[in-house]
Amino acid sequence: MEGTPNGGLKGLVQHWKSDLIAAVSVALIALPLSLGIALAAGAPAMAGIFSAVVGGVVTTFYRGGHISVNGPAKGVIGVILLGIVLMDDGTGQAFNYVLAAAVVSGALQTLLGIFKLGRIADIFHGSVIQGLLAAIGIIIFAKQIHVALGTHSDGANIVDNLVDAVVMLPHANPFVVLISLAGLLMILFNSKITNRFFHFLPVPMWVIVLSLPFVYAFNFFEPHQISFLGNAYAVGPELLLDIPDTITDSIMHPNFGKIHTLEFWGIVFSMLIITSIEHLAIAKAVDKIDPYRRKTDLNKDLTGIGISTMISGLIGGLPIISVIIRSTVNIQNGAKTKWSNMYQGLLLLLFIVVLSPIMRQVPLCAFAILLVHTGFKLASPAVFKQVYNQGIEQLVFFMITMVITLYTNLLVGLLGGSILVLVTHILLARIPVPQFFKLVYSSRTRLIPLPDSSYILKVRGIANFLGIIKLDKLVAQIPADADVNIDLSETRLVDMSYMDYLVEFLNKQRASGGKVFISGLDAHISSSTYNKALKFMVTSESVKLTHREKRLRNLATEKGYSYSREVNWNTSYLKQFHFFEIRPIERKNNCLNGSYKDRDASWEIADVIFNEGKAFTAETFNTTLMVLKLNRALPIFTMEREKAYEKLFDRVIAFTGYKDIEFKMFSKFSKKFMVMGQDEDELQSFFTKEVVQFFEDHQISHVESNGEALLIFNKLKLARTDETLEFIDYGEELANLLHA
């Protein structure tokens with residue numbers, strides 16, 4: 001990899017071309033999404049553009065990040081909608097009061113950054129935050145589905161809005177629905193279209209472009225009615241985007257007339273908490289996909305978005321955060337420095353000036369369907385499944401937080417969910433309340449330096465979300481490349497948020513050259529096999545093996561293999577395979593090790609948990625895989641059954657020096673498998689007739705070489721005992737073949 005790009009003015013001069021090219025794609029995505037977020041929040045459409053421009057231009061000059069893109073926060077859509085309702089006094093100033101709340105929220109956010117409280121977001125429990133985000137998704141969906149259907153709801157709450165969407169379905173405007181359906185199909189199937197023409201523009205812009213022919217076909221420019229199946233439906237300019245002729249006409253100013261009311265401060269703190277949590281989580285997610293592995297200064301970044309939110313609110317814009325979709329596009333298109341964020345802000349301003357006549361012809365339902373899809377993703381069944389896999393108690397926290405939020409507001413939902421988590425922790429710890437809080441805040445957790453320059457982090461008492469700030473202070477004392485043993489043996493309870501922090505520290509420390517191990521959880525149990533699940537101490541009974549673990553242990557005893565059910569946090573070797581370079585590994589366990597006596601080859605079969613996706617939309621996979629070490633040189637390659645893992649296999653590999661190899665002598669094999677590598681001649685020699693026949697005769701879907709070993713897996717699930725035996729036999733046959 002090339003060296004880390006320079007920052008500051010030197011980076012501006014050196015990388016302006018790559019940053020500008022990336023910014024074009026980002027701005028094209030930001031244009032429709034920024035307008036859509038503002039409309040969903042009940043704000044003027046240009047409020048979204050103002051916040052995106054300020055997020056690009058202003059934030060760039062004071063930020064702690066390197067490659068993220070800033071813009072309007074969709075997480076506060078519900079807060080803004082609520083603020084407009086609560087502070088509507090009939091003067092027409094409701095949104096102006098919300099702007100004032102945004103300014104005050106930005107000022108408080110700036111202070112959080114100045115006083116280095118960027119880690120404060122970590123004290124909020126992960127499942128509670130996911131519950132809030134799911135509620136936000138439902139709020140977005142419930143509001144925008146009516147715009148996408150051409151219906152209307154006067155429901156008193158979000159649940160009523162959802163019910164009305166079903167009740168009003170027979171009365172939906174078919175001409176609006178047709179546009180929404182065309183946009184939805186483009187969103188869902190764009191990635192499967194191979195024609196390059198359809199990838200010239202980003203998906204949100206295609207949704208806008210596809211809507212325009214319908215507008216002309218049905219003449220949305222004049223109010224009239226169109227008959228369909230015996231019913232008349234109204235179409236007209238009221239269904240189109242309404243933006244002023246000039247930008248200055250769109251500027252609005254905050255009104256601080258409600259600053260003395262509880263409603264005002266409720267909106268302020270709701271904005272502050274939601275934007276801070278969402279921004280910091282996304283900032284850390286962007287760091288993970290930054291190809292140069294740069295780290296964001298979270299405190300400085302928090303100050304930067306606080307200042308930007310203040311300026312945005314002063315001119316009529318929305319609160320600002322880092323945006324994961326735009327940041328990902330920015331990275332994928334080759335951006336190098338923070339200046340790409342400034343370029344996208346300036347380009348967005350240029351686009352809205354140049355394209356405003358066209359944007360006035362875009363139907364509101366085109367923006368709505370983009371947000372309907374966004375809302376669904378935040379609260380999809382996959383999200384519920386992901387939370388359930390983390391533990392049944394996490395699903396309870398998640399759902400109750402979501403329900404409270406839907407029937408009240410985000411701040412009450414956050415507080416209610418946090419109290420529920422705390423009560424559950426007290427019950428699981430089985431100790432009196434005063435002692436519980438004593439074990440949280442006076443737990444004697446300490447950092448012990450050793451003579452060999454390594455450390456023991458001895459955690460005692462209750463290790464839950466309330467103790468993360470104290471933990472952060474201890475961790476800050478550990479040098480970047482130091483070895484650390486994190487001992488949890490004297491904890492009564494270890495919360496998922498606490499484990500999240502420890503695993504994040506573990507990955508960061510290992511990346512800097514240190515060795516980190518987490519120990520002392522043998523006497524703890526949890527409701528899930530998820531490695532970061534809530535764990536609490538059991539003293540009256542020993543930890544029992546599952547039926548599968550017993551079978552693996554018996555297999556190891558019978559065959560002379562070694563077996564360990566314990567979590568092994570050392571997954572550095574797996575990251576030498578491309579598949580795991582771009583997919584964070586959480587842990588491996590149930591490790592079975594052996595060797596082939598007749599061949600100089602060893603193997604390990606293990607259960608591995610890894611993540612696919614970013615931030616709150618990440619999906620977790622638990623699979624059994626084999627690493628076969630042959631102790632001989634191998635060509636570096638990746639072999640995948642065609643369409644076996646269409647969702648998972650990242651074809652971006654083709655842009656990292658790999659290319660799809662065609663085997664003219666084995667056309668049947670080339671149709672079944674996609675083989676990618678850097679040295680075509682070497683691969684053509686390696687894939688002999690016997691090797692090709694072997695792979696064709698077996699059902700394994702993924703085989704990858706890092707030059708000395710092979711990574712092998714078949715299905716993205718845990719292997720049964722018989723499937724484990726098949727792995728071992730497969731590896732032996734392959735080792736014999738390759739040594740021959």
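I will try to describe carefully the structure that is included in this document. Owing to the predicted nature of the structure, the values given are computational and were not obtained by experimental measurement.

Calculation rules
Residues numbered from 1 in each chain as written. Predicted model: local features only at pLDDT ≥ 70, side-chain atom pairs only at ≥ 80, totals over all residues. Heavy atoms only, no water. Helix = DSSP H or I, 4+ residues; strand = E, 2+ residues; numbered from the N terminus. Buried < 20%, exposed > 50% of the residue type's maximum accessible area, 1.4 Å probe, protein only. Contact = heavy atoms within 4.5 Å. Areas by Shrake-Rupley, 256 points an atom, 1.4 Å probe, with all protein chains shown as cover. Core = buried A, V, L, I, M, F, W, Y, C linked by side-chain atoms within 4.5 Å. Pairing = 2+ DSSP bridges. 1 Å grid on protein atoms, 1.4 Å probe; cavity = no way out; pocket = protein on both sides within 12 Å on 5 of 7 lines; lining within 4 Å. Points joined across faces, edges and corners; volume = space filled by probe spheres on them. Phe/Tyr/Trp six-rings, centres within 6.5 Å; stacked < 30°, edge-to-face > 60°. Axes fitted to C-alpha atoms, helices over the stretch in contact; angles between N-to-C directions. Left-handed = near helix turned anticlockwise from the far one by under 90°. Nonpolar A, V, L, I, M, F, W, Y, C, P; charged D, E, K, R; others polar.

In this section: the overall build of the chain. What the chain contains, in helices and strands, is 26 helices and 19 strands. Across the 740 residues in the chain, those meeting the buried criterion constitute 55%. In the chain, of all internal contacts separated by at least 6 residues, the share reaching a separation of at least 24 is 73%. Of the accessible surface of the chain, which amounts to about 32,300 Å², a share of 60% is contributed by carbon and sulfur atoms.

The next subject is the nonpolar core. Membership of the largest hydrophobic core comes to 113 residues, with the highest contact counts inside it found for I80, F95, L457 and I486. If you tally residues by element for this core, the top one is helix α10 (residues 262-289), at 14 residues. Every residue in contact with I80, bar those within four places of it in the chain, is listed here: A41, F95, V98, M271, L318 and P319. Of all hydrophobic cores here, the second largest spans 47 residues; its members include I208, I243, L348 and F367.

Our focus in this paragraph is the pairing of strand β3 (residues 231-235). Across five bridges, the pairing between strand β2 (residues 224-228) and β3 is antiparallel. When the bridges of β3 are listed, H224 appears paired with V235.

In this structure, N219 is a non-glycine residue whose phi angle is positive, near 50°. Within the element layout of this structure, N219 appears in the loop between α9 (203-217) and β2. In this structure, L229 is a non-glycine residue whose phi angle is positive, near 55°. Relative to the elements of secondary structure, L229 occurs in the loop between β2 and β3.

Looking now at empty space enclosed by the protein. Tallying each qualifying case throughout the model produces six cavities of 30 Å³ or more. By volume, the largest cavity is sized at about 80 Å³. As for the largest cavity, its lining consists of V440, S443, T445, V459, R460, I462, A463, G467, K470, L471, L474 and Y498. Residue contributions to the lining of the largest cavity peak at four residues, all from strand β6 (residues 455-463).

Looking now at the packing of aromatic side chains. All chains considered together, the criterion is met by 26 aromatic pairs. With a centroid separation of 5.1 Å and an interplanar angle of 85°, the aromatic rings of F579 and F580 are classed as edge-to-face. Residue classification places F579 among the buried positions, given a relative accessible area of 4%. Cluster of aromatic residues (ring-pair linked, three or more members): F637, F669, F673, F686, F687, F694, F695 and Y730.

Where helix α3 (residues 45-60) meets helix α13 (residues 339-359), the closest approach of the two axes is 7 Å, and the angle between their N-to-C directions is 150°. α13 is crossed by α3, and the crossing has left-handed handedness. Between α3 and α13, the contacting residues are M46, I49, A52, V53, G55, G56, V57, T59 and T60 on the first element and W339, N341, M342, Q344, G345, L346, L348, L349 and I352 on the second. Split by residue class, the contact of α3 with α13 holds 11 nonpolar, seven polar and no charged.

Once that is clear, we can look at the environment of A740. For A740, the position within the fold is in the segment after α26 (721-739). A740 gets classed as exposed once you look at its relative accessible area, which sits at 85%. Along the chain, A740 and A172 lie 568 residues apart, while their C-alpha atoms are 69 Å from each other.

Another aspect to go through is the environment of F579. Note that F579 resides in helix α22 (residues 578-581). Along the backbone, F579 and E704 are 125 residues apart, and their C-alpha atoms lie at a distance of 8.2 Å. Setting aside anything within four residues of it in sequence, one finds F579 in contact with F610, H702, E704, L711 and F713.

The calculated volume of the second largest pocket comes to roughly 820 Å³. Considering the residues around the second largest pocket, the lining is formed by 32 residues, among which S526, S528, T529, E549 and R565 are closest to the centre. Elements that contribute at least two residues to the lining of the second largest pocket include exactly β8 (516-519), β9 (524-525), α21 (547-559) and β12 (585-596). A per-element tally of the lining of the second largest pocket places β12 first, with three residues.

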